[in-house]
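# Fold and contact review
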There are 2 protein chains.
Amino acid sequence: MSINIKRNQLKRVVIVGGGLGGLRLAEDLSKANLQVVLIDKNNFHQFPPLIYQIASAGIDPSSISFPFRQIFRKRKNFYFRMAEARAVFPDKKILQTSIGKIEYDYLVFAAGTTTNFYGNANIEKWAIPMKTVSEAMGLRNAVLSNLERALTCATEEERQELLNVVIVGGGATGVEIAGALSEMKRYVIPYDYPDMDSSLMHIYLLEAGDRLLAGMSQDSSKKAYDFLTSMGVDVQFGKMVTDYKDHKVLMKDGQEIPTRTFLWVSGVKAQPITGIEGDHLGRGFRIVVDEFNRIPGMDGLFAIGDQCIQTTDPAYPGGHPQLAQVAIQQAALLAKNIQKIAEGADDTQLKPFRYKNLGSMATIGRHKAVVELGKFHSQGFFAWVLWLVVHLRSILGVKNKVMVLLNWLWKYVSYNDSIRMITYATKPKEVRDRLKREQTTHLGTDLLENEED
Amino acid sequence: MSINIKRNQLKRVVIVGGGLGGLRLAEDLSKANLQVVLIDKNNFHQFPPLIYQIASAGIDPSSISFPFRQIFRKRKNFYFRMAEARAVFPDKKILQTSIGKIEYDYLVFAAGTTTNFYGNANIEKWAIPMKTVSEAMGLRNAVLSNLERALTCATEEERQELLNVVIVGGGATGVEIAGALSEMKRYVIPYDYPDMDSSLMHIYLLEAGDRLLAGMSQDSSKKAYDFLTSMGVDVQFGKMVTDYKDHKVLMKDGQEIPTRTFLWVSGVKAQPITGIEGDHLGRGFRIVVDEFNRIPGMDGLFAIGDQCIQTTDPAYPGGHPQLAQVAIQQAALLAKNIQKIAEGADDTQLKPFRYKNLGSMATIGRHKAVVELGKFHSQGFFAWVLWLVVHLRSILGVKNKVMVLLNWLWKYVSYNDSIRMITYATKPKEVRDRLKREQTTHLGTDLLENEED
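Residues numbered from 1 in each chain as written. Chains lettered and ligands numbered in written order. Predicted model: local features only at pLDDT ≥ 70, side-chain atom pairs only at ≥ 80, totals over all residues. Heavy atoms only, no water.

Turning our attention to the sheet that holds strand β23 (residues 368–373) of chain A. Residue and element names in this part refer to chain A. Spatially, three strands are ordered β22-β23-β24 in an open sheet, and the strand pairing comes out antiparallel. The sheet is open, and its two edges are formed by β22 (360–365) and β24 (376–379), each paired on a single side. When strand polarity is set aside, the average angle formed by the axes of neighbouring strands in this sheet is 5°. As defined by bridge partners, β23 adjoins β24 across four bridges and the pair is classed as antiparallel. The residue bridging Val-370 from the neighbouring strand is Gln-379, located in β24. Each of β22, β23 and β24 is contacted by helix α9 (residues 218–230), which is oriented at about 170° to β23, the strand it contacts most. (Pairing = 2+ DSSP bridges. Helix = DSSP H or I, 4+ residues; strand = E, 2+ residues; numbered from the N terminus. Axes fitted to C-alpha atoms, helices over the stretch in contact; angles between N-to-C directions. Contact = heavy atoms within 4.5 Å.)

Below, the structure written as structure tokens:
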């Protein structure tokens, strides 16, 4: 296999990852005088802030996914390739991917993060992460099939394991999924499972620190805690989860909670790439970049968003928070800077990155959200409406906006998350075999020599 | 595990399968004075006539799926269990399932059919069937990822294998998916894959007989053929597919077509159940029933829909066609007959089944359909509108109707099947392990003795 993109007279920018940052960068640069190649392991962009609503059966996966080829339909000099980046050879200006190698003039890493299990093999094996649409679909299937099995299992002990939900991590994702599942417990389970005692279902939210939503203010943290506890979620602080054995979550202080629905949204680490190691990596394996998002000492290499760390912004000496807004703003600036660099500009003509905090928000449930926009803090109904409007606006495409809005309206009126199907796509053998091949191709660093194409 | 449903003073009807027949029967009987238990391997009802539109990326799986628990929310004496039926012990009036055994007074098989590969192991291993929502999602993923790989594969030969689509079976499903894929080829591929020559994509529809839509009239068959060929589908008759080897479909007459997208919609066989064998089975392994859908010689046992064959209807001495309408009409009548039987009626008080043919229809593409309602035959635009209206009306639930209508309108205006994501739900280990356990439990016939519960 080969990437199969012909070079033309234009300089080539390769972008790894079509998340919020990579997508914005590709959009801006594909209007410029450059050849743009976007590489992603999925054929679609996914909108991270609403992934948890797939898990809680509120919206369809397709409503927050958008095929890259659709987005870039009318752009000339734009190419998409579905592949995983494996290794970079900065001396040769070549990127190795799961489907072959590609030359670049400029290469931008925008592959974001993956779930961090902090090296615990049991947790990695058993816990359910929720970073992607696929994982959220898997979580929805798991929650629903655990409920089905709670009706028919052999022992009381197993029933309790099936009905306990343990969520590890009190950031925005943990808070939002805890809220959504507690609404499912209250508004859906008693009607769907009349022959089950829904009060047996317990939702635990475990946080290692001493508050929820550590990125927000103390009053927002407190309010999120009040919202969740009023909704019946058992929120516990100072809880270090150390292991998972025999269907039990084990904590450092000796506490155990039996569960078969064990959600892990406790931390992330940057996507690794062979060729960028050692001193090039900072906290959380993030790629260290300068004020122009360049990787120091590596000509033509850049990184943006969650995958990078930038300590040159005076307001954020420890690096920026890993938020959508940072990625998007870095992408917008880098698009301009790369065009200048391609035109031969020197450093003095480039603009250094400064993050402009537009605020942050999290929703907990019906009429319950916390919002911070600079000094403006809001909690409750108005914050909730604001959250809905901001997120609806951010979804790509008119049709997806309409679909999400309809699902929300439906849920609001009916108190019902309607997409409660347990479905797995069958994987035909031809596809299964190919995926296996591609997952094991080009994994070493001595690939350039051994390659067929 | 056990089914865990307490008996009460009411007689118990167990229904295996929640397709169109089983669902109607459960709905009617759950309003009567009986305890109704519905068993299905999925937790949702799926609407078969539109499954092909999931495969062609036109609608969301959730739009034509409906959770059983949702449908039966307000019914007392109704129980749903997600399980597979394994074996029946008519002498003991016990049904063995993947999650344990259950006693019955009346047991109705309504599990429909499964794809028939006619014993060919290669075809079973490689072909992609399209009977279920899961299979259709798998097909969508396969078609889209084959297109991605056609851009980057190593040889011309492999490219042609990836771009050829071979559909075996010229019934309604084969005709409809051929039409939908040819529209994707025409309206989507050239814009989504500007760097690929879409004229290389070939769609073959192979039929063993001498016409399409064998269940309809000659003029409808002819018109469907004309529609498909005008849309660029290569329709071939008298083609017996005998094997699939080295990415090639082999035919009895020696012809070969290379393809990695090999759809098999060529035949069905009734779902098997241990305990009902030999003389009890007719053509296509269908369970032989009398005019009241009873299984002769087996007290309290019934079968309806595609899973049964009934040769007592004077108009259909060879058995009814395997159509939705037959299943629904049999279900509606059996619901009444079972109530009478439960009240102690004898055969003279029961009503024998007579199928009332309400007509049949198939859609081929935009403004192209064939419809037969008794002597009224229609082809083209009006038939197409009629097809849309009839199918939209049949979809369960207001929200699903709205969602499908919106997707159809969107597609009509934009010429765009919008759900072109390649997504697989991640399967958490807890779920994976349990599914494996349940798939291998209770597979023998000596189960009643060995069981734990």
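After that view of the structure, there is still more to cover.
The next subject is the environment of Gln46(A). All names here are of chain A. Note that Gln-46 resides in strand β3 (residues 44–46). Apart from the residues lying within four places of it in its own chain, the contact partners of Gln-46 are Ile-51, Ile-64, Thr-132 and Val-133. A distance of 2.7 Å separates the side chain of Gln-46 from the backbone nitrogen of Val-133, its partner in a polar contact. (Polar contact = N/O pair within 3.5 Å; in protein donor to acceptor, adjacent residues only side chain to side chain.)

What follows concerns the domain arrangement of chain A. Often the size quoted for an interface is simply the accessible area lost on bringing the parts together. Residues and elements named next belong to chain A. Here the domain parsing of chain A yields domain 1 (12–41 + 83–115 + 269–349) and domain 2 (121–266 + 366–414). Using C-alpha coordinates to define each centre, domain 1 is positioned 32 Å away from domain 2. The interface is formed by four residues belonging to domain 1 together with four residues belonging to domain 2. For the pair domain 1 and domain 2, the summed buried surface comes to about 310 Å²; carbon and sulfur atoms form 61% of the total. On the domain 1 side of the interface with domain 2, the three residues burying the most area are Leu-23, Thr-113 and Thr-115, jointly 88% of the side's total. At the boundary of domain 1 with domain 2, the tally comes to zero salt bridges. Taken together, the connections running from domain 1 to domain 2 amount to one residue pair in polar contact (both at pLDDT 80 or more). Grouping the amino acids of the side of domain 1 that touches domain 2 by side-chain chemistry returns one nonpolar, three polar and no charged. (Domains from an automatic or database assignment. Buried area = accessible area lost by both parts, 1.4 Å probe. Salt bridge = Lys/Arg side-chain N within 4 Å of Asp/Glu carboxyl O. Nonpolar A, V, L, I, M, F, W, Y, C, P; charged D, E, K, R; others polar.)

Moving on: the relation of the copies chain B and chain A. Superposing chain B onto chain A takes a rotation of 180° combined with a translation of 0.0 Å along the rotation axis, leaving an RMSD of 0.0 Å. These values place the two chain copies in the arrangement generated by a two-fold rotation axis. (Least-squares fit on C-alpha atoms with pLDDT ≥ 70 in both.)

Our focus in this paragraph is the interface of chain B and chain A. If you look at the interface, chain B gives 76 residues, while chain A gives 77 residues. Summed over both partners, the interface of chain B with chain A comes to about 6,800 Å²; 55% of that surface belongs to carbon and sulfur atoms. A per-residue breakdown of the area chain B buries against chain A is headed by Arg69(B), Arg149(B) and Tyr424(B), which together make up 11% of the total. There are ten salt bridges connecting chain B and chain A. Considering each element in turn, the side of chain B that touches chain A owes the most residues, twelve residues, to helix α5 (residues 133–150) of chain B. A breakdown of the residues in the side of chain B that touches chain A according to their chemical character gives 36 nonpolar, 19 polar and 21 charged.

Here we come to the UniProt feature "domain: FAD/NAD(P)-binding" (unreviewed entry) in chain A. Those places that UniProt annotates as "domain: FAD/NAD(P)-binding" (unreviewed entry) correspond, in this numbering, to residues 12–331 of chain A. The span residues 12–331 of chain A is 29% helix and 26% strand, and its two end C-alpha atoms sit 17 Å from each other. (UniProt positions renumbered as here; feature names shortened; annotations may be inferred.)

Residue and element names in this part refer to chain A. Taken in spatial order, the three strands line up as β14-β15-β16 in an open sheet, and their pairing is antiparallel. Because the sheet does not close on itself, it has two edges, and the strands there are β14 (241–245) and β16 (256–258). Between one strand axis and the next, the sheet turns by 20° as a mean value, whatever way the strands run. Bridge analysis of β14 against strand β15 (residues 248–251) gives four bridges, and the strand direction is antiparallel.

With that out of the way, let us pick up the pairing of strand β17 (residues 261–264) of chain B. Residue and element names in this part refer to chain B. Of the two faces of β17, the one holding Thr-261 and Leu-263 and the one holding Phe-262 and Trp-264 are both buried throughout. By the bridge criterion, four bridges tie strand β11 (residues 164–168) to β17 in an arrangement that is parallel. Bridge pairing links Val-166 to Phe-262 in β17. (Buried < 20%, exposed > 50% of the residue type's maximum accessible area, 1.4 Å probe, protein only.)

Attention shifts here to the pattern of salt bridges. Oppositely charged side chains are able to pair whenever their charged atoms sit close together. All names here are of chain B. Inspection of the entire model under this criterion finds 42 salt bridges over all chains. As a salt-bridge pair, Asp-105 and Arg-7 come within 2.5 Å of each other at their nearest N and O atoms. On the criterion of sequence distance, the pair formed by Asp-105 in the loop between β8 (100–103) and β9 (106–109) and Arg-7 in the segment before β1 (12–16) is long-range, its members being 98 residues apart. When its relative accessible area of 37% is taken as the criterion, Arg-7 is described as partly exposed. Here Asp-253 ties to Lys-239 by a salt bridge, and the two come within 2.5 Å at their closest N and O atoms. With Asp-253 in the loop between β15 (248–251) and β16 (256–258) and Lys-239 in the loop between β13 (234–236) and β14 (241–245), this pair connects stretches of sequence that are 14 residues apart.

It is worth spelling out the packing of aromatic side chains at this point. Tallied over the full model, the rule gives 28 aromatic pairs over all chains. With centroids separated by 6.4 Å and ring planes inclined at 85°, the aromatic side chains of Phe376(A) and Phe382(A) adopt a geometry described as edge-to-face. Residue classification places Phe376(A) among the partly exposed positions, given a relative accessible area of 37%. Aromatic side chains Phe262(B) and Trp264(B) sit 6.1 Å apart centroid to centroid with 75° between the ring planes, which places their arrangement in the edge-to-face category. Across the pair, exposure class does not vary: Phe262(B) and Trp264(B) are buried alike. Taken together, Phe117(A), Trp126(A), Tyr244(A), Phe262(A) and Trp264(A) form an aromatic cluster joined through their ring pairs. The ring of Tyr187(B) has Arg366(B) sitting right over it, with the charged end atom 5.9 Å from the ring centre. Residue placement shows Lys427(B) over the ring face of Tyr424(A); its charged tip is 4.4 Å from the ring centre. (Phe/Tyr/Trp six-rings, centres within 6.5 Å; stacked < 30°, edge-to-face > 60°. Lys NZ or Arg CZ within 6 Å of the ring centre and 35° of its normal.)

This part covers helix α9 (residues 218–230) of chain B. Residues and elements named next belong to chain B. With 13 residues, α9 extends 18 Å from end C-alpha to end C-alpha; this agrees with the ideal 18 Å at 1.5 Å per step. Within the span of α9, buried status applies to Ser-220, Ser-221, Ala-224, Phe-227 and Leu-228. Taken around the axis of α9, the buried residues stretch over an arc of 125°, which confines them to a single face. Within α9, the exposed residues directed more than 90 degrees away from the buried face are Gln-218 and Ser-230. (Expected span 1.5 Å × (residues − 1). Arc of directions from axis to C-beta.)

Residues and elements named next belong to chain A. It is at 8 Å that the axes of helix α1 (residues 20–29) and helix α10 (residues 324–342) come closest, and there the two elements cross at 30°. Relative to α10, α1 is oriented roughly parallel. When you trace α1 past α10, the crossing you get is right-handed. Where α1 abuts α10, its residues Leu-20, Gly-21, Arg-24, Leu-25, Asp-28 and Leu-29 lie against Ala-324, Ala-327, Ile-328, Ala-331, Ala-332, Leu-334, Ala-335, Ile-338 and Gln-339. (Parallel < 35°, antiparallel > 145°, perpendicular 65-115°, else oblique. Left-handed = near helix turned anticlockwise from the far one by under 90°.)

In terms of nonpolar packing, the biggest core is built from 196 residues, with Ile167(A) and Ile167(B) touching the most fellow members. Apart from residues lying up to four places away in sequence, Ile167(A) is in contact with Gly174(A), Ile177(A), Ala178(A), Leu181(A), Ile203(A), Tyr204(A), Leu205(A), Leu206(A), Leu263(A) and Val265(A). Within the second largest apolar cluster, 24 residues are counted, among which are Val16(A), Leu95(A), Phe109(A) and Ile287(A). (Core = buried A, V, L, I, M, F, W, Y, C linked by side-chain atoms within 4.5 Å.)

Taken together, the side chains of Lys427(A), Arg432(A), Lys436(A), Lys427(B), Arg432(B) and Lys436(B) define a basic patch exposed on the protein surface. Of all the elements in the fold, those that place two or more residues in the positive patch are α13 (429–440) of chain A together with α13 (429–440) of chain B. The topology assignment puts Lys436(A) in helix α13. (Patch = residues over 30% accessible without salt bridge, like charges linked within 9 Å, V, L, I, M, F, W, Y side chains within 5 Å. Areas by Shrake-Rupley, 256 points an atom, 1.4 Å probe, with all protein chains shown as cover. Lys, Arg positive; Asp, Glu negative; His and termini not counted. Charge placed at Lys NZ, Arg CZ, Asp CG, Glu CD.)

This next bit is on unusual backbone geometry. Phi is positive for Asn77(A), close to 60°, though the residue is something other than glycine. Residue classification places Asn77(A) among the partly exposed positions, given a relative accessible area of 28%. For Phe285(B), which is not glycine, the phi dihedral falls at a positive 60°. Of note, Phe285(B) is situated in the loop between β18 (268–270) and β19 (287–289).

So, about the pairing of strand β8 (residues 100–103) of chain A. Within a regular strand, the side chains alternate between the two sheet faces. Residues and elements named next belong to chain A. The alternating pattern of β8 places Gly-100 and Ile-102 on a buried face and Lys-101 and Glu-103 on a face that is not buried. Of the strand pairs in this sheet, strand β7 (residues 94–97) and β8 are connected by four bridges, and their pairing is antiparallel. The residue bridging Gln-96 from the neighbouring strand is Lys-101, located in β8. Hairpin connection between β7 and β8: a loop of two residues separates the two successive antiparallel strands.

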